[in-house]
Amino acid sequence: MEAYLIEWLELIFRWLHLLAGIAWVGASFHFVFVDNALEPVPAEEAKTGLKGHFWAIHGGGVYRFSKYRLAPDRWPDNLHWSKWEAYTTWLTGTVLMVLVYYYQSQVYLIGTGKWLQDPHSAVAASLMFVVTAVAVYEILIRGPLRHYPMVFAFIMGGLVLLLSWLAVQIFADRAAFIHVGVVLGSIMAGNVFFGIIPAQKQFVAAVQAGREPDQALATAAKQRSFFNNYFTLPVLFCMIGHHYPFLYGHAMNWLALFVIMLAGALGRHYFNRRHHGENRFEYLIGAAVLGLCVILALTDQKFISGEQKTDQSDVAVPAEVSIDDDHIEQLLDVHCANCHAQDPTVAGFVSPAGGLVFETLDQLRQSRRTAFIALTTGYMPLGNLTALSSQDRQLLLEWLRLQEAE
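Conventions and cut-offs
- Residues numbered from 1 in each chain as written.
- Predicted model: local features only at pLDDT ≥ 70, side-chain atom pairs only at ≥ 80, totals over all residues.
- Heavy atoms only, no water.
- Helix = DSSP H or I, 4+ residues; strand = E, 2+ residues; numbered from the N terminus.
- Buried < 20%, exposed > 50% of the residue type's maximum accessible area, 1.4 Å probe, protein only.
- Contact = heavy atoms within 4.5 Å.
- Areas by Shrake-Rupley, 256 points an atom, 1.4 Å probe, with all protein chains shown as cover.
- Polar contact = N/O pair within 3.5 Å; in protein donor to acceptor, adjacent residues only side chain to side chain.
- Patch = residues over 30% accessible without salt bridge, like charges linked within 9 Å, V, L, I, M, F, W, Y side chains within 5 Å.
- Salt bridge = Lys/Arg side-chain N within 4 Å of Asp/Glu carboxyl O.
- Expected span 1.5 Å × (residues − 1).
- Pairing = 2+ DSSP bridges.
- Core = buried A, V, L, I, M, F, W, Y, C linked by side-chain atoms within 4.5 Å.
- Lys, Arg positive; Asp, Glu negative; His and termini not counted.
- Charge placed at Lys NZ, Arg CZ, Asp CG, Glu CD.
- Disulfide = S-S within 2.5 Å.

K.L.:
For the overall build of the protein, give the residues involved together with the corresponding values.
P.N.:
Helix and strand content of the protein: 16 helices and three strands. Its C-alpha atoms give the protein principal-axis dimensions of roughly 90 × 50 × 45 Å. By residue count, 45% of the 406 residues in the protein fall in the buried class. Within the protein, contacts between residues separated by at least 24 positions form 67% of all contacts whose residues are at least 6 apart in sequence. About 21600 Å² of surface is accessible on the protein, with carbon and sulfur atoms providing 65% of the total.

Right, dumping it as structure tokens:
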């Protein structure tokens, strides 16, 4: 009953997280688009305090979005604040982190050969990883480096690269990807909470009191918004990238993650410039080239065919050991069927993990490509809770190769 409840909670909060994230990203992209594409207003309208207009057609009607240099003469009765989209996304994501990676840390957070093997230590390290990274960013964004945008951007790139490498050393590879996303998402939510909303509150208070708003505070808030804009696509990739073992299970997974996130930031830059009326295709081409480089670098035929030997499968099968179906079926029963059965026996599962059932050799044959990658990367068994030896892992891989050849 407990496992069933946990799965329902995961489903509900994942759904809420997705919905809130769509609202946040959609609002962010929309306002960036409108702000970048504003057209100057005629002199008469400028006298009313208007800065620019943006025209659009949607839903069978024509819209005109207007931006004031400060505010209209009459303060609006209903002013929307774009903050709860960000807060709800972060809060639901935090609940998911607890449900999946903390509550089930032995299964999902700990990885074979990683620095930490104790569940409690791994959870503590996870919290420290996120909090420390956000604190470092806050120190940087509040310091003098913020006055040098290009230098700051390169430093942030170096920090993200370091985080990508460090996460892979500490946590299971799949958990490492999501940790990088959690850090960037927390920085984005922190930008809203610590910088953007306080600046907007100060702006409103100053205008309503007839004072000139603090321009330095507004500039700092806009810089935080700038980073949120560029972090969006990298965070979204972290959310989907941890579902693909061929990527997070590769020996250079941390570098692949960073390069793809960089490609996402370049792609976002193309659209930012396009909103200004500049079709700078070199940025889009650069993003595509980076992505293609990762694809080619990870497209190792030995890896795909299972011939590549990793830290998890580097023991050759002795010549005197026969690979018979009975022995493979025993390994399947001990190391696979506990999670991949119609009725799993591992705590936390009420249905076959990933929808894959491995109770018979025929079922294993049908999903041999998926099993191949999971075994080669060391991702399966989860956290190696069943203590699958390197020799037995290689036996399974050899058996799978034989099925491929038939």
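K.L.:
Tell me what's going on with the side chain of Thr92, and back it up with residues and numbers.
P.N.:
Positionally, Thr92 belongs in helix 3 (residues 84-102). Polar side-chain contacts of Thr92 include one of 2.7 Å to the backbone oxygen of Thr88. When neighbours within four sequence positions are excluded, Thr92 is seen to be in contact with Phe13, Leu16 and His17.

K.L.:
A description of the environment of Leu236 should follow, citing residues and the corresponding values.
P.N.:
Relative to the helices and strands, Leu236 is located in helix 8 (residues 215-241). A relative accessible area of 34% means that Leu236 is categorised as partly exposed. For the pair Leu236 and Gly21, spaced 215 residues apart in sequence, the C-alpha separation works out to 9.3 Å.

K.L.:
Which residues make up a nonpolar patch on the surface, and what values go with them?
P.N.:
On the surface, Tyr4, Trp8, Leu11, Ile12, Trp15, Leu16, Leu19 and Val350 cluster together to form a nonpolar patch covering roughly 790 Å² of accessible area. Here Tyr4 shows up in helix 1 (residues 2-36). Overall, the relative accessible area of 44% leaves Tyr4 in the partly exposed class.

K.L.:
A description of helix 5 (residues 119-142) should follow, citing residues and the corresponding values.
P.N.:
For helix 5, with 24 residues, the first-to-last C-alpha span of 35 Å sits near the 34 Å given by 1.5 Å per residue. Capping the start of helix 5 is the job of one residue whose side-chain oxygen sits 3.3 Å from the backbone nitrogen of His120: Asp118.

K.L.:
Tell me about the sheet that holds strand 1 (residues 39-40), and name the residues and values.
P.N.:
The strands that make up a sheet are held in pairs by hydrogen bonds between backbone atoms, and each pair lies either parallel or antiparallel. Taken in spatial order, the three strands make up an open sheet running 1-2-3, and their pairing is antiparallel. Edge positions in the open sheet fall to strand 1 and strand 3 (61-68), since each of these has one partner strand only. Pairing geometry for strand 2 (residues 50-58) and strand 3, over eight bridges, is antiparallel. Across the sheet, residue Ile57 finds its bridge partner in strand 3, namely Val62.

K.L.:
With reference to specific residues and values, describe unusual backbone geometry.
P.N.:
Trans is the prevailing form of peptide bonds, just as negative phi is the prevailing case for residues other than glycine. The backbone of Ala387 sits at a positive phi, close to 55 degrees, despite the residue not being glycine. By secondary structure assignment, the location of Ala387 is in the loop between helix 15 (368-377) and helix 16 (390-405).

K.L.:
Tell me about helix 1, residues and numbers included.
P.N.:
With 35 residues, helix 1 should reach 51 Å at 1.5 Å per residue; the first-to-last C-alpha distance of 50 Å fits that figure. Residues Ala3, Ile6, Glu10, His17, Ala20, Gly21, Trp24, Val25, Ala27, Val32, Val34 and Asn36 constitute the buried set of helix 1. Buried-residue contacts for helix 1 involve strand 2, strand 3, helix 3, helix 7 (173-208), helix 8 and helix 10 (253-275).

K.L.:
So what about the nonpolar core? Which residues, and what values?
P.N.:
Among the nonpolar cores identified, the biggest contains 65 residues, and Tyr101, Leu109, Met156, Phe171 and Phe349 are the most heavily contacted of them. With 13 residues, the single largest contributor to this core is helix 7. Residues in contact with Tyr101, not counting those within four places in the same chain, are Leu96, Tyr108, Leu109, Arg174, Ala175, Ile178 and His242. Counting 16 residues, the second-largest nonpolar core is a separate cluster that includes Leu331, Ala371, Phe372 and Leu396.

K.L.:
For the pairing of strand 2, give the residues involved together with the corresponding values.
P.N.:
The pairing of strand 1 with strand 2 spans two bridges and is antiparallel. Bridge pairing links Glu39 to His53 in strand 2. Connecting strand 2 to the next strand, strand 3, in antiparallel fashion are two residues, including Gly59 with a positive phi near 60 degrees.

K.L.:
A description of a negative patch on the surface should follow, citing residues and the corresponding values.
P.N.:
A surface patch of negative charge is lined by Asp324, Asp326, Glu329, Asp333, Asp343 and Glu359. If you trace the backbone, Asp333 turns up in helix 13 (residues 325-335). By relative accessible area, Asp333 is classed as exposed at 53%.

K.L.:
Provide a residue-level description of the side chain of Gln223, including the pertinent values.
P.N.:
Summarising the element assignment, Gln223 is placed in helix 8. Among the residues examined, Gln223 registers a relative accessible area of 13% and is labelled buried. Those residues in contact with Gln223, other than ones at most four positions away along the chain, are Ile141 and Arg146.

K.L.:
An account of the state of the cysteines is requested, with residue identities and associated values reported.
P.N.:
Tallying each qualifying case throughout the model produces zero disulfides. The closest cysteine sulfur to the non-disulfide-bonded Cys293 is located on Cys238, 19 Å from its own sulfur. Of the cysteine sulfurs around Cys339, a residue in no disulfide, the closest is that of Cys336, at 9.0 Å. Accessibility expressed as a relative area gives 11% for Cys339, which makes it buried.

K.L.:
Can you tell me about the pattern of salt bridges, naming the residues and giving the values?
P.N.:
Applying the stated criterion across every chain yields a total of 13 salt bridges. Here Glu45 makes a salt bridge to Arg64, at a shortest N to O gap of 3.2 Å. Here Glu45 is found in helix 2 (residues 43-46), whereas its partner Arg64 is found in strand 3, with 19 residues between them in sequence. For Glu45, a relative accessible area of 23% translates into the label partly exposed. Residue classification places Arg64 among the partly exposed residues on the basis of a relative accessible area of 41%. The salt bridge partner of Arg365 is Asp362, with a shortest N-O separation of 2.7 Å. Here Arg365 and its partner Asp362 are both found in helix 14 (residues 361-366), three residues apart, which amounts to about one turn of the helix. One salt-bridge network, held together by shared partners, links Arg273, Glu278, Arg280 and Glu282.

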